[in-house]
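Reading the structure
Read off the chains here:
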Amino acid sequence: MKKLIDFLCSAIFWVWNLTFLLLVYGGVLPNGAPYLIHDALAGEIPFTFIVSFAGLTITPVICTILGYRLRTQPILLLRLFYGVEAPIFALCLLRLFVIREMTPASIQILGSLALCIGALAIELLLGFAVRRRRLAWLQMASHSLMLIIGVYVGVLLAFYTVPALCVFIYGFFQFGWLQSLGDLFLSDRLSVVLWGTMMMFLFGLTCILFFAMPFVMVNLFLQSWWRAFSTFGNRYGSLKAGATTVGVAIAWFLLFSVLQQQPQTQAFELLNRPAQTDRDRQEILAHSDTIRAGLVNAYLAAYRYISPWNESNQLRQMYQEVFNLTQPQAQFWQDWHNHWLSPFLYNGSHHDAEKAAELYAQFFDAPIQKAERPAIQHALQSTLNRDETQAGLININQRIVRLAQQRVTVQEHGDWAEIELYEQYENATSNDQEIFYSFSLPESATITGLWLGDTAQLNRRFPFVVSPRGAAQQVYKEEVERSNVQPAADPALLEQVGPRQYRLRVFPIPAQLDPQHPGTLHLWLTYKTMQQESGWPLPQLTEKRNIFWTNNTIRQRGEKTIHLSEEEWLEPVLPRHRQKPSLHQIDLPSGDRIIARPLTDKDYRLPQAKRFAVVIDSSRSMSAHARELNDTVRWLTKQANQTDVDIYLTASEGGKPRRIDDLRQLKPDKITFYGSLQISQLLWQFAQLRGDTSYDAVLLLTDEGSYELSKDETERPAIASPLWAIHLGGKLPPAYDDATLEVIQRSRGGVSADLPEVMRRMATEASLGNSAASVVDGYAWLVEPADAQSTGTPANSESNMAPLAARQLLLKLSRDRDMTQLASLDEVHAIAKQTAIVTPYSSMLVLVNDQQRELLRLAEANRDRFNREVENGQDTLTQPGNPLNVSVPEPGDVFGLGVVAIAFLFVAKRKSRL
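Attention in this report is confined to the structure presented alongside it.

**Side note on the nonpolar core**
Core analysis: the biggest nonpolar cluster contains 66 residues, and W16, L113, I149, F221 and F344 have the highest contact counts within it. For this core, the elements supplying multiple residues, two or more each, are α1 (2–41), α2 (47–69), α3 (74–97), α4 (104–126), α5 (133–174), α7 (190–236), α8 (238–259) and α13 (314–323). Tallying contributions element by element places α3 first for this core, with 13 residues. The residues contacting F344, other than those within four sequence positions of it, are I99, S106, I109, L110, Y152, Y305, I306 and S307. Counting residues in hydrophobic clusters, the runner-up holds 40 residues, among them V401, Y425, L441 and V466.

**Brief notes about the pairing of strand β3 (residues 401–413)**
Look at any regular strand and the pattern is simple: side chains alternate between the two faces of the sheet. The pairing of β3 with strand β4 (residues 416–427) spans 12 bridges and is classified as antiparallel. What sits directly across from V401, in β4, is N427. The antiparallel pairing of β3 with β4 creates a hairpin that spans 2 residues between the two strands, and G414 there sits at a positive phi of about 75 degrees. Where β3 lies against strand β13 (residues 547–548), 2 bridges are found, and the strand directions are parallel. Across the sheet, V401 pairs through a bridge with I547, a residue of β13.

**Remarks on the packing of aromatic side chains**
Going through the model one piece at a time under the given rule, you end up with 30 aromatic pairs. Geometrically, the ring pair formed by F13 and W14 is edge-to-face, given 5.0 Å between the ring centres and 90 degrees between the ring planes. Among the residues examined, F13 registers a relative accessible area of 0% and is labelled buried. Since its relative accessible area comes to 23%, W14 is described here as partly exposed.

**Regarding a nonpolar patch on the surface**
A cluster of nonpolar side chains, namely M1, L4, I5, F7, L8 and I75, defines an oily patch on the protein surface of about 650 Å² accessible area. Considering every element that reaches the nonpolar patch, the biggest residue donor is α1, with 4 residues. Structurally, the position occupied by L8 is in helix α1.

**Details of the packing of helix α18 (residues 469–482) against helix α25 (residues 850–860)**
Where α18 contacts α25, the axes come no closer than 9 Å and their chain directions differ by 140 degrees. On the basis of their axis angle, the class for α18 and α25 is oblique. The two elements α18 and α25 cross, and the hand of that crossing is right-handed. Of the residues in α25, those in contact with A471, A472, Q474, V475, E478, E479 and R482 of α18 are Q851, Q852, L855, L856, A859 and E860. Here the contact of α18 with α25 is composed, by residue class, of 6 nonpolar, 3 polar and 4 charged.

**Focus: the sheet that holds strand β18 (residues 592–598)**
Taken together, 4 strands build an open sheet; the order of strands is β17-β18-β26-β25 and the sheet is antiparallel. Of all strands in the sheet, those with a lone pairing partner are β17 (584–587) and β25 (772–776), marking the two edges. Neighbour to neighbour, the strand axes of the sheet diverge by 15 degrees on average, direction disregarded. With 4 bridges joining them, β17 and β18 adopt antiparallel strand pairing. By the bridge assignment, D587 is partnered in β18 with R593. Sheet contacts for helix α23 (residues 802–816): β17, β18, β25 and β26 (779–785); angle to β25, the most-contacted strand, approximately 115 degrees.

**Side note on the environment of Q473**
Among the structural elements, Q473 can be located in helix α18. Assessed through its relative accessible area of 2%, Q473 is described here as buried. Q473 sits 372 residues away from L845 along the chain, and the two C-alpha atoms are 8.6 Å apart. Discounting chain neighbours no more than four positions away, the residues touching Q473 are L493, E495, R503, R505, R868, E869 and E871.

**Examining the sheet that holds strand β9 (residues 501–509)**
Reading across the sheet, the 6 strands line up as β7-β27-β8-β9-β5-β12 and stay open at both edges, with antiparallel pairing between neighbours. Each of the sheet's edge strands pairs with one partner strand only, and the pair in question is β7 (464–468) and β12 (540–545). Taken over all neighbouring pairs, the strand axes of this sheet differ in orientation by 20 degrees on average, direction set aside. Each of β7 and β27 (842–846) touches helix α24 (residues 822–835); the most contacted strand, β7, lies at about 175 degrees to it.

Criteria and thresholds
Residues numbered from 1 in each chain as written. Predicted model: local features only at pLDDT ≥ 70, side-chain atom pairs only at ≥ 80, totals over all residues. Heavy atoms only, no water. Core = buried A, V, L, I, M, F, W, Y, C linked by side-chain atoms within 4.5 Å. Buried < 20%, exposed > 50% of the residue type's maximum accessible area, 1.4 Å probe, protein only. Helix = DSSP H or I, 4+ residues; strand = E, 2+ residues; numbered from the N terminus. Contact = heavy atoms within 4.5 Å. Pairing = 2+ DSSP bridges. Phe/Tyr/Trp six-rings, centres within 6.5 Å; stacked < 30°, edge-to-face > 60°. Patch = residues over 30% accessible without salt bridge, like charges linked within 9 Å, V, L, I, M, F, W, Y side chains within 5 Å. Areas by Shrake-Rupley, 256 points an atom, 1.4 Å probe, with all protein chains shown as cover. Salt bridge = Lys/Arg side-chain N within 4 Å of Asp/Glu carboxyl O. Axes fitted to C-alpha atoms, helices over the stretch in contact; angles between N-to-C directions. Parallel < 35°, antiparallel > 145°, perpendicular 65-115°, else oblique. Left-handed = near helix turned anticlockwise from the far one by under 90°. Nonpolar A, V, L, I, M, F, W, Y, C, P; charged D, E, K, R; others polar.

Have a look at this one:
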């Protein structure tokens, strides 16, 4: 009998390992390893998956080598297989296909199992260090953990192995596998017959060994604990051995109990409380860290947990079908199973992700994908699922497309210049990619051109068209979406989304052809700008997605090569020849004359005897700018003799906005910044509190805000006075929604990061009369009829400055016309198209084929051609599958599919590339 047992132990170990090694190292890896290595180096495969796959393939090799050392001890071979090799193999499989991002609770279970495996391996190879006191105590503690983990894993596996064994036996004696085997042997390729037969044999053997695993594994772990207990007890006393086991068990179960408390439960409870007073809000704000952790956990539940608790019903279905149990009977076992598997189950619903995103935006005043980008990116790296093709919020600062070359060329024309930015992009991934730039330029600067090219040859680049903003956005988005079903041609979209803000998107940067030839694309952008005191201004980056640069990026400024840090896209300014500002006169084809008059310090004024409404944003994000708000209020207080100021203190949902007519009653340090507020909400609250009071200007004190949380609403309260958005902290938002931008422009207002600058601009512009378009960047821009007598120093008409002049004309027209009417929009678009410039109403679109041009023609014919959607940048994350839900295959099938998937994962990928 002993010889039979020894033979079975040896056969189990050697037959399984030799079959696996022959199949993997003889068939799978030779075909798939080169592509695995390439994709790993390219960063397309998460590091954790590389580790898991390496563990899956290397563990049998190491165990086979160790098995050769233990070949004369068959019992030890069985312990090595079931106690070390099989658990490691199963962990790697689970990590590849089931377990995603780890949580503290799952780390405790899997970490304990890994510790037990390591302790058992040490025992097999080295025995017990009974004579070395510290190591003996350590081994006793680790083997005490085996007692707990052995029972835990054994019971968990038993839930599945018993019904799976019944299904396997039933399926075996149905002999359906014989037909599959026969079809396999009928193949005309010997390699298919050989490797297919070997895989079927390995699968069947693995299933049989899996059915015995819970019973053998529990027995091995318990015996190992008993051997450690006996050996340690003989040397140091049984009482100490027992105390160690009890102490480890108590500590482990206490930790287990603590880690079962998932943070989203408390977060939802806190945010469900009404917060109508400052005291209530302060109490909730004190738990911000808890709320943040809970909402992020709920949002990423699909990536951190195998299944929601209430959706884990696969075992119930299995028990009903296999054992013919009633639903209540089967549910009893399902509930037990869920309690046992609770570290891997989410306490909530899969709908909690949407709820968490909404609550996060309301409480933290920011989109969760933007504010928690590192956590979301880490979660995505824990699964083979990927985000969408478009560059969204979670792609901010992602290092995907490399900026290989950048060149800036300046053509000076006295006190203004035309600047060209050229860039070359390289995509080393196997997928087409989109890049995204959000940047700012001086308010008077005008973008005049955009081109794309497959090469750096100027005569082969694709030109731009100027199109209504809504039509251009529609065509670009449709082209990106169409790329999911057919190859995409290279479109690019450049939009003005604020007085100084622009947004550039390019898709696709083509995928690489092979590891030595990355996909490349070339881009040219030109703009005209007036000089600044420090030099020629360059675009300043607000946000980038999917694009990065390194020290190896070639940066040229004319004939000179420069070096910038990896944080800098472009330097603030380029040096210029000193040129005294001069008067310019530009006659446009529209019959308008634009005068650009340079200003000196003595030309600027401050308001006198004016009344202002100051609207204060009290949203959560403003708390970071409390000091700047204090400084601004102090400056206003100093101007109290020249101006009259009414304060409008806004409030988020649940709060009550207030009007304060005496500036001295405002206590900025007592304001509770809470919740989320968008500019549209601030304006509506101001309109409700203002009554019949008239003002010379409305000053909105806010921060950078969250453009991505804006709504596609066209209605805004009528603001008769100039509306100025003053963004404290010195950082302008990346964009404004079109409705808000329309209110600002039509009211003759603007945006700034400095209140004194706004006061000077308003007073100076008012002194110039109705002909003034703007006072900006050191010049006063005036609009007159072409036949009017020019004031100041005579100047000849400068046609090459027409784009700069047209921008100022359009700014004045947008104030004088009703820009909600299609006729007015068409009028300003016609001027933009004639002068080939980007405006808040007209975008630049690069088209490369007739299909795109036809789509644009149809879009431009629609009445909604100027209706542009808010680009919230939210990615629709792909949701990992739920293996515990009834809609997926049974556990035995999942295991088999996992083996097959690993075998052909890279072979299939290889075929797809050929």
